[in-house]
Amino acid sequence: VIVVRAARAAKLGARAGRLSRAVKLLKMLPGMSTKEDASKVKIARVISNQLNTVLSTRVAFLTICVVVVLPLFQMLQYPEMDDSMGTWAELLDRNAAFFKQATNSTERLEQQTLLQTEVERMMTAYDSFSYGPFHVCYGDLSSSGTFECRNDLLNLNYTSKFSTPQRKASIREYSQEAIQVSFNLVVPKQEESAAGMGLLCFVVLVMCIFGLLMSQSISQVALLPLERMLSVVRQRCQQIFKYTTDLKDEEESEDEDDDDQELEQSSEFMLLEKVVKKLAAIAHLSSVAGEPEVKDNMTENEIMTLNWLQGASVANGRKMIEGEDEKSTSMAIPTPRGKEGLSAITGKIPANTLEELNTPDFNALSQTVELKIAIGTYVVWVHEGCLAWVRDNVPENTLFKFMTAVEAKYPSENPFHNFSHGLDVLYNVSRFCRLANLQSTFTETSQFWLLIAASGHDLGHLGVNNQFLVETTHEVAVKYNDRSPLENLHCAMLFQITNSSPDTNVFSNVDKDTYKEMRKGIIAAILHTDMVKHNEMIKELSLLYQMNSDALDSLKADGVVKSSAATTQTLMNALLHCADIGNPMKPWDLCYELAHLCLDEFFAQGDVEKERGIPVQVLNDREKVNRPNSQVGFIEFVICPMAESICNIFPQLDNLAHHLGINVQNWLQLWIDEASPPEEQTSKVSERVRRVVLRLKAVTREERNIPID
């Protein structure tokens with residue numbers, strides 16, 4: 001019977017092992033199915049199916065083991081199901097009933113003898129068992145189930161090898177109408193306990209084996225792929241976090257060897273968590289539209305600014321708004337500049353101008369042409385990042401003649417895009433490199449060509465933008481196939497200057513391979529000053545910061561900058577572009593003056609467009625554009641993202657964000673004073689300006705808890 005039961009249980013166990021597969025049918029029910037892109041869940045589904053198969057097989061194995069072995073242990077519990085004990089009690093009770101029914105002494109004695117004989121037979125029957133009767137008595141069974149022995153009526157004499165157990169749990173009593181038999185089950189109870197302990201040990205053993213098998217199976221199905229994935233994560237993200245690891249190695253002690261393995265395991269998941277966070281940020285940046293969206297509360301001037309950013313690349317009384325911070329002086333950086341050691345070329349520069357070159361207050365517009373050429377020569381000649389290289393490879397007189405030729409190629413009739421702008425951008429780039437401590441980060445040759453590119457980035461500017469050249473089929477647009485015609489013109493004119501005469505060739509002492517690298521870098525940097533590339537550059541800088549935020553926030557930009565040639569070029573492009581459009585990030589006096597000059601040039605183009613009967617581009621119609629309001633939109637959509645990106649990567653430049661926050665508020669106030677807009681419109685624009693100021697404040701070193709030297 002036990003074997004049959006075990007076989008039946010095993011069969012049920014095998015069916016139970018396949019039950020989990022039947023659960024899949026539930027997916028066919030309404031609302032249970034999940035229609036997902038197969039490409040998104042392919043890997044997870046394969047692993048899920050494999051785990052499902054493994055679990056089903058192992059559960060079936062465990063069930064079979066338990067249901068087959070469990071009845072074997074129950075065999076040791078046979079006395080629990082021994083009907084002979086109850087049968088003997090019924091037999092003796094029948095004889096006792098005959099004894100009770102006897103009417104005379106002779107019959108009573110005869111029945112007593114018969115009962116005594118049956119008791120002795122019962123005792124003899126259990127001699128070979130480990131359990132048996134130890135007490136038999138004649139009496140009465142009450143209605144409540146209590147049996148009372150009456151030895152005074154009948155005293156049964158018997159001899160039993162079993163004694164009275166000390167524990168009542170080892171006694172089993174069978175009470176009938178006239179007989180009660182008590183059995184000693186000490187040994188079976190002990191065997192039962194041993195069987196229980198054996199069963200427990202067996203279950204533990206089976207579970208351990210099952211656990212090992214499951215662990216091995218899960219390792220094969222899930223953990224090994226996960227380990228491979230983590231390995232790939234470590235390898236692929238090594239560039240992202242290697243600078244952070246280096247920073248931590250500098251700060252942490254190496255006396256934690258006992259915890260190395262645990263830390264290594266936890267660091268993998270911490271690394272994965274950081275990777276996921278960065279990937280989420282990168283995915284967000286990738287999903288964000290490359291161009292700002294038009295909002296309902298924008299003014300006509302702001303929509304014009306936005307349209308200009310998306311499609312068009314462009315080309316004095318005032319009052320000071322209260323609240324401008326005098327923080328500009330804090331950006332002064334001690335340099336070896338001074339009157340001592342200056343040549344006849346640069347010695348004519350006034351001392352106060354040399355001092356201004358160490359501050360953000362230098363104004364190229366206030367200098368004479370002769371001084372502008374001397375200052376341009378001076379900035380390149382004494383730039384800390386390439387000073388030694390320039391002294392060895394570029395004669396000062398050659399540099400001066402080059403700068404003279406550059407000045408001559410800048411149209412002086414342009415209100416904004418003239419040599420003053422070129423000199424200002426040169427000064428900005430040199431200053432950015434000093435503030436961000438990039439003298440030892442970029443190579444000497446790279447810093448030199450970046451300064452040369454800055455000085456000539458707008459050579460021969462026509463005073464109009466690319467869109468105008470394309471619209472009018474200008475010969476420059478035709479020559480360069482409508483692709484950044486102005487920027488290509490600037491590059492070509494720069495190298496025409498250096499190649500036209502040995503006297504102006506600042507690359508004459510450079511070897512051929514180095515010259516190729518310099519030319520390649522200059523062309524890439526100048527072409528990236530085209531506003532069409534602005535949004536793409538902002539996205540690249542944002543991604544770069546997300547991938548290297550730990551190192552950059554710790555002012556350890558060297559490893560990031562040098563991580564690849566592409567990264568180096570991207571950052572140099574960004575420095576030149578930021579210097580080119582950075583007028584709103586200057587102190588308010590300069591910001592105001594330069595903004596009006598730039599708008600004058602736009603309006604001049606608009607006048608030409610009206611004369612020719614072609615559509616007037618946005619920001620070019622002097623009759624429609626409000627100057628202060630156009631600057632608010634320009635800062636919000638163009639300059640603020642640039643300031644955020646450049647300050648994230650180079651936190652030392654955060655005063656650019658500081659000035660920009662002041663200036664946008666000043667432009668807002670000027671717009672309110674001049675245009676007297678409706679209160680509702682004023683409130684909306686003021687709120688947008690407030691958000692811009694908060695964004696700019698968030699990238700400052702103070703808000704990011706970055707030490708300020």
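This is a predicted model, so every value here is computed, not measured. (Residues numbered from 1 in each chain as written. Predicted model: local features only at pLDDT ≥ 70, side-chain atom pairs only at ≥ 80, totals over all residues. Heavy atoms only, no water.)

**Digging into the overall build of the protein**
Summing up its helical and strand segments, the protein has 27 helices and 4 strands in all. Out of the 709 residues in the protein, the part that is buried amounts to 47%. As displayed, the protein offers around 36300 Å² of accessible surface, 54% of which is attributable to carbon and sulfur atoms. (Helix = DSSP H or I, 4+ residues; strand = E, 2+ residues; numbered from the N terminus. Buried < 20%, exposed > 50% of the residue type's maximum accessible area, 1.4 Å probe, protein only. Areas by Shrake-Rupley, 256 points an atom, 1.4 Å probe, with all protein chains shown as cover.)

**Regarding the packing of helix α20 (residues 534-547) against helix α23 (residues 565-580)**
For the pair α20 and α23, interaxial distance at closest approach is 11 Å and the crossing angle is 125°. Judged by the inter-axis angle, α20 sits oblique to α23. Every pair of crossing elements has a handedness; the one defined by α20 and α23 is left-handed. When α20 is examined against α23, the residues His534, Met537, Glu540, Leu541 and Leu544 are found in contact with a partner set consisting of Thr567, Thr570, Leu571, Asn573, Ala574 and His577. A class-by-class count of the residues in the contact of α20 with α23 yields 5 nonpolar, 5 polar and 1 charged. (Axes fitted to C-alpha atoms, helices over the stretch in contact; angles between N-to-C directions. Parallel < 35°, antiparallel > 145°, perpendicular 65-115°, else oblique. Left-handed = near helix turned anticlockwise from the far one by under 90°. Contact = heavy atoms within 4.5 Å. Nonpolar A, V, L, I, M, F, W, Y, C, P; charged D, E, K, R; others polar.)

**Re the state of the cysteines**
Linking two cysteines covalently via their sulfur atoms produces the bond known as a disulfide. Counting across every chain of the model gives 1 disulfide. Paired by a disulfide, Cys137 and Cys149 hold their sulfur atoms 1.9 Å apart. Around the S-S axis, the bridge from Cys137 to Cys149 shows a dihedral of about -50° and counts as left-handed. A residue pair is termed long-range when its members are at least 10 positions apart, and Cys137 in strand β1 (residues 132-141) and Cys149 in strand β2 (residues 147-149) qualify at 12 residues. Cys149 sits in the partly exposed class, given a relative accessible area of 30%. With no disulfide of its own, Cys386 lies 8.8 Å from the sulfur of Cys433, the closest cysteine sulfur. According to the relative accessible area criterion, Cys386 is buried, its value standing at 0%. (Disulfide = S-S within 2.5 Å.)

**Side note on the nonpolar core**
With 116 residues, the main nonpolar core has Phe448 and Ile646 as its most contacted residues. In terms of nonpolar packing, the next biggest core, distinct from the first, is built from 24 residues, Met85, Phe99, Leu115 and Phe183 among them. (Core = buried A, V, L, I, M, F, W, Y, C linked by side-chain atoms within 4.5 Å.)

**Quick look at the pattern of salt bridges**
The final tally for this structure, using the stated rule, is 19 salt bridges. Note that Arg622 is salt-bridged to Asp607, the shortest N-O span being 2.8 Å. Note that Arg622 is positioned in the loop between α24 (588-612) and α25 (627-649) and Asp607 in helix α24, a separation of 15 residues in sequence. By relative accessible area, which is 25% here, Asp607 ends up partly exposed. Note that Arg690 is salt-bridged to Glu687, the shortest N-O span being 2.6 Å. With Arg690 and Glu687 both in helix α27 (residues 679-698), this residue pair falls 3 residues apart, about one helical turn. Salt bridges sharing common partners tie together Lys100, Asp140, Arg150 and Asp152. (Salt bridge = Lys/Arg side-chain N within 4 Å of Asp/Glu carboxyl O.)

**Some thoughts on the packing of aromatic side chains**
Counted under the stated rule, the structure contains 16 aromatic pairs. Their ring planes at 55° and their centres at 5.7 Å tell us that Tyr126 and Phe129 sit as a pair that is tilted. Look at Tyr126 and you get buried, because its relative accessible area is 2%. Judged by its relative accessible area of 37%, Phe129 is partly exposed. Here the aromatic rings of Phe448 and Phe507 are separated by 6.1 Å at their centres, their planes lie at 80°, and the arrangement is edge-to-face. (Phe/Tyr/Trp six-rings, centres within 6.5 Å; stacked < 30°, edge-to-face > 60°.)

**A closer look at the packing of α25 against α27**
α27 packs onto α25 with a crossing angle of 15° between their chain directions and a minimal axis gap of 10 Å. Between α25 and α27, the interaxial angle falls into the category roughly parallel. The handedness of the crossing between α25 and α27 is left-handed. Taking contact as the criterion, the partners of Val632, Glu636, Phe637, Cys640, Pro641, Ala643 and Glu644 in α25 are, on α27, Val685, Arg688, Val689, Val692, Arg695 and Leu696. In terms of residue class, the contact of α25 with α27 is built from 9 nonpolar, no polar and 4 charged.

**Regarding the sheet that holds β1**
Pairing is antiparallel in the open sheet, where 4 strands are placed in the order β2-β1-β4-β3. Lying at the two open borders of the sheet, with one neighbouring strand each, are β2 and β3 (171-175). Geometrically, the sheet is characterised by an average inter-axis angle of 40° between neighbouring strands, direction not taken into account. Contacts from helix α4 (residues 84-101) reach β1, β3 and β4 (179-184) within the one sheet, and its direction differs from that of β4 by about 150°. Together, β1 and β4 form the strand contacts of helix α5 (residues 105-125), whose direction differs from that of β1 by roughly 150°. (Pairing = 2+ DSSP bridges.)

**Examining empty space enclosed by the protein**
Taken as a whole, the second largest cavity spans an internal volume of roughly 130 Å³. Lining the second largest cavity are 14 residues; nearest its centre among them are Asn428, Phe432, Met585, Lys586 and Leu656. Residue composition of the lining of the second largest cavity, grouped by class: 9 nonpolar, 3 polar and 2 charged. (1 Å grid on protein atoms, 1.4 Å probe; cavity = no way out; pocket = protein on both sides within 12 Å on 5 of 7 lines; lining within 4 Å. Points joined across faces, edges and corners; volume = space filled by probe spheres on them.)

**Focus: the pairing of β3**
Consecutive side chains along a regular strand alternate between the two faces of the sheet. Sheet topology places β3 next to β4; 5 bridges connect them, and they run antiparallel. Bridge pairing links Glu173 to Ser182 in β4. Connecting β3 to the next strand, β4, in antiparallel fashion are 3 residues.

**What to know about the side chain of Glu396**
Along the chain, the position of Glu396 falls in helix α13 (residues 396-409). Although buried, Glu396 forms no salt bridge, and the nearest oppositely charged side chain, Arg391, lies 7.1 Å from it. If sequence neighbours within four positions are ignored, Glu396 has contacts with Ser343, Ile345, Thr346, Thr377 and Trp381. (Lys, Arg positive; Asp, Glu negative; His and termini not counted.)

**Focus: unusual backbone geometry**
Positive phi values are uncommon outside glycine, yet Asn437 reaches one of about 55°. Structurally, Asn437 is set in the loop between α14 (419-435) and α15 (444-455). Under the relative-accessibility criterion, Asn437 is labelled partly exposed at 42%. Unlike most non-glycine residues, Leu555 shows phi in positive territory, near 60°. Relative to the elements of secondary structure, Leu555 occurs in the loop between α21 (549-553) and α22 (558-561).

**Quick notes on α25**
Compared with an ideal rise of 1.5 Å per residue, which puts 23 residues at 33 Å, α25 spans 31 Å between its outermost C-alpha atoms and is within 8% of the ideal. The principal kink in α25, of about 45°, is found at Ile635. Most of α25 sits inside the fold, with 23 of its 23 residues counted as buried. (Expected span 1.5 Å × (residues − 1). Bend = angle between axes of the 7 residues up to and from the residue.)

**Considerations on the confidence of the model for the protein**
Within the protein, residue pLDDT values average 82, and 75% of them lie at 70 or more. Taken as a whole, residues 310-341 scores under 50 in pLDDT and shows 85 contacts with residues more than four places along the chain or in a different chain. (pLDDT = per-residue confidence, 0-100.)

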